[in-house]
Amino acid sequence: MNRLSREEAARIMQPVEFKKRLNGGRMIMPSGIHREQIASLSELSWFLEPSGRTLPAIDFERLADWLETTIQDQQTAARVRRAAAGQSCYVDTCKAVYELVTARITEAQGVINEDA
């Protein structure tokens with residue numbers, strides 16, 4: 001695992017422009033699926049946060065592509081692909097990817113704060 005540079009950490013924590021946002025949805029009973037647009041790793045973490053009342057709806061391959069090309073975080077994209085391939089059910093994949101994303105945010109914030 002490569003340590004993030006300050007520039008990389010700052011880049012992956014920045015929100016993306018409107019047209020590059022990732023589309024997702026959230027199942028909220030009884031009203032159904034609510035569309036959401038995700039613009040940053042922080043928003044992705046919030047979106048995937050486990051809840052007993054809602055379930056995120058996202059295509060994990062599309063998420064990995066977005067992380068790789070838009071956020072420009074190849075390492076997290078590869079981890080998301082491995083997590084999605086290694087889980088037995090969708091909910092477990094959501095939880096695993098949530099843990100990966102929050103760990104990456106913590107890592108990036110640590111690099112940014114340490115150099116500040």
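All values derive from a computational prediction rather than experimental measurement. (Residues numbered from 1 in each chain as written. Predicted model: local features only at pLDDT ≥ 70, side-chain atom pairs only at ≥ 80, totals over all residues. Heavy atoms only, no water.)

Colleague: Which residues make up the packing of aromatic side chains, and what values go with them?
Modeller: Throughout the structure, instances matching the rule amount to one aromatic pair. Arranged with centres 5.5 Å apart and planes meeting at 50 degrees, the rings of Phe-60 and Tyr-90 form a pair that is tilted. Here the residue Phe-60 occupies a position in helix 3 (residues 60-69), and Tyr-90 occupies one in helix 5 (residues 90-115), the gap between them amounting to 30 residues. Since its relative accessible area comes to 10%, Phe-60 is described here as buried. Since its relative accessible area comes to 31%, Tyr-90 is described here as partly exposed. In this structure, Arg-26 is placed above the aromatic ring of Trp-46, and the distance from its NZ or CZ to the ring centre is 5.2 Å. (Phe/Tyr/Trp six-rings, centres within 6.5 Å; stacked < 30°, edge-to-face > 60°. Helix = DSSP H or I, 4+ residues; strand = E, 2+ residues; numbered from the N terminus. Buried < 20%, exposed > 50% of the residue type's maximum accessible area, 1.4 Å probe, protein only. Lys NZ or Arg CZ within 6 Å of the ring centre and 35° of its normal.)

Colleague: Describe in detail the sheet that holds strand 1 (residues 22-28), supporting the description with residues and values.
Modeller: Read from one edge of the open sheet, three strands run 2-1-3, paired in antiparallel fashion. The open sheet has two edge strands with one neighbour each: strand 2 (32-38) and strand 3 (54-57). Neighbour to neighbour, the strand axes of the sheet diverge by 30 degrees on average, direction disregarded. The sheet contact formed by strand 1 and strand 2 spans seven bridges and is antiparallel. Note that in strand 2 the partner of Gly-24 across the bridge is Glu-36. Where helix 2 (residues 41-48) meets the sheet, it contacts strand 1, strand 2 and strand 3, and its direction lies at approximately 160 degrees from that of strand 2. (Pairing = 2+ DSSP bridges. Axes fitted to C-alpha atoms, helices over the stretch in contact; angles between N-to-C directions. Contact = heavy atoms within 4.5 Å.)

Colleague: Describe the pattern of salt bridges, naming the residues involved and giving the relevant values.
Modeller: Considering all chains together, one arrives at eight salt bridges under this definition. Put simply, Arg-104 and Asp-73 hold a salt bridge, and the shortest N to O gap is 2.8 Å. Of this pair, Arg-104 sits in helix 5 while Asp-73 sits in the loop between helix 3 and helix 4 (74-86), and the two are 31 residues apart along the sequence. For Arg-104, a relative accessible area of 3% corresponds to the buried category. Given a relative accessible area of 2%, Asp-73 falls into the buried group. Because the salt bridges share partners, they merge into one network encompassing Glu-61, Asp-65, Glu-68 and Arg-81. (Salt bridge = Lys/Arg side-chain N within 4 Å of Asp/Glu carboxyl O.)

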